[in-house]
Amino acid sequence: MKFYRDLAIITAVLCVVIGALLQFTGYALVHPLIWYTLLFFIFITGFTYYLIELGNKNDPGSLHVYYLASMGFRMVLSIGVVLLYVYFFKENRLMFVFNFFALYFLFTGFEVYSLLSNLRPNLKKQN
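Criteria and thresholds
- Residues numbered from 1 in each chain as written.
- Predicted model: local features only at pLDDT ≥ 70, side-chain atom pairs only at ≥ 80, totals over all residues.
- Heavy atoms only, no water.
- Salt bridge = Lys/Arg side-chain N within 4 Å of Asp/Glu carboxyl O.
- Buried < 20%, exposed > 50% of the residue type's maximum accessible area, 1.4 Å probe, protein only.
- Helix = DSSP H or I, 4+ residues; strand = E, 2+ residues; numbered from the N terminus.
- Contact = heavy atoms within 4.5 Å.
- Polar contact = N/O pair within 3.5 Å; in protein donor to acceptor, adjacent residues only side chain to side chain.
- Core = buried A, V, L, I, M, F, W, Y, C linked by side-chain atoms within 4.5 Å.
- Axes fitted to C-alpha atoms, helices over the stretch in contact; angles between N-to-C directions.
- Parallel < 35°, antiparallel > 145°, perpendicular 65-115°, else oblique.
- Left-handed = near helix turned anticlockwise from the far one by under 90°.
- Expected span 1.5 Å × (residues − 1).

S.K.: Please clarify how the pattern of salt bridges should be interpreted in this entry.
M.R.: A side chain of one charge can pair with a side chain of the opposite charge when the charged atoms of the two come close. Per the counting criterion, the structure on display carries 3 salt bridges. A salt bridge links Asp6 to Arg5; its shortest N-O distance comes to 3.4 Å. Residue Asp6 is classed as buried on the basis of its relative accessible area of 18%. For Arg5, a relative accessible area of 47% corresponds to the partly exposed category. Put simply, Glu111 and Arg74 hold a salt bridge, and the shortest N to O gap is 2.1 Å. With Glu111 in helix 4 (residues 93-126) and Arg74 in helix 3 (residues 63-88), this residue pair connects regions lying 37 residues apart in the sequence. One exposure class covers both Glu111 and Arg74, and it is buried. A single network of salt bridges, built from pairs that share partners, joins Lys2, Arg5 and Asp6.

Here is the structure:
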């Protein structure tokens, strides 16, 4: 449950940052679909973490396999969303791609940090 609490915290912080950017710059730096993009990453991050936890409970020795599979799933789905947007919409393509991948790297970094902090106690038990 700590992961989902931390996910809510990082989401709240990002909402404040995005809101501030929208307040001060309008849509000069932030794409109009940023809120949908944020919801997409909240869902994908929660879902991939759920899959990793499910895999870790079923087969604790193969955590790396489940983690890499979830990262591959996230990457393929993200590239698909970007390609669909670029193909169907003509305006603000570059802004959408920059905003999308900024959120992609933030949420991926958050997931890596969360998994490493969860694995540290396990590493200390083995030594």
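S.K.: Would you take a moment to explain the environment of Tyr4 for this structure?
M.R.: Locating Tyr4 in the fold gives a position in helix 1 (residues 2-25). Among the residues examined, Tyr4 registers a relative accessible area of 32% and is labelled partly exposed. Other than its neighbours up to four places away in sequence, Tyr4 contacts Gly46, Tyr49 and Tyr50. A distance of 3.4 Å separates a polar side-chain atom of Tyr4 from the backbone oxygen of Gly46.

S.K.: Sorry if this is basic, but what is going on with the nonpolar core here?
M.R.: The tendency in soluble globular proteins is for nonpolar side chains to be buried as a group. Counting 26 residues, the largest nonpolar core has Phe41, Leu103 and Phe107 as the members making the most contacts within it. Elements with a minimum of two residues in this core: helix 1, helix 2 (34-58), helix 3 and helix 4. Setting aside anything within four residues of it in sequence, one finds Leu103 in contact with Leu14, Ile34, Thr37, Leu38 and Phe41.

S.K.: Is there a simple way to think about the packing of helix 2 against helix 3 in this case?
M.R.: The description of two packed helices rests on the angle between their axes and on the distance between the axes. With their axes 9 Å apart at the nearest point, helix 2 and helix 3 run at an angle of 160 degrees to one another. Between helix 2 and helix 3, the angle is such that the two are roughly antiparallel. Along this stretch, helix 2 crosses helix 3, giving a crossing that reads as right-handed. For the pair helix 2 and helix 3, the contacting residues are Phe40, Phe41, Ile44, Thr45, Phe47, Thr48, Ile52, Gly55 and Asn56 in the first and Leu63, Tyr66, Tyr67, Ser70, Phe73, Arg74, Leu77, Ser78 and Val81 in the second.

S.K.: Please explain helix 2 as it appears in this structure.
M.R.: An α-helix turns once per 3.6 residues; consequently, residues spaced three or four apart project the same way. Its 25 residues place the ends of helix 2 36 Å apart at the C-alpha level, agreeing with the 36 Å of an ideal helix rising 1.5 Å per residue. Of all the residues in helix 2, the buried ones are Ile34, Thr37, Leu38, Phe40, Phe41, Ile44, Thr45, Gly46, Thr48, Tyr49, Ile52 and Gly55.

S.K.: I tried to follow unusual backbone geometry on my own but got confused; where do I start?
M.R.: Generally, phi is negative for residues other than glycine and the peptide bonds are trans, each holding for most cases. Even without being glycine, Asn92 reaches a positive phi, approximately 55 degrees. Tracing the chain through its elements places Asn92 in the loop between helix 3 and helix 4.

S.K.: What should I look at first to understand the environment of Phe96 in this one?
M.R.: With respect to the helices and strands, the residue Phe96 is situated in helix 4. Considered as a pair, Phe96 and Val30 are 66 residues apart in the sequence and their alpha carbons are 8.0 Å apart. Sequence-distant contacts of Phe96, defined by excluding residues within four places in its chain, comprise His31, Thr37, Val81, Val82 and Tyr85.

As far as function goes, none of this settles anything; it's purely spatial.
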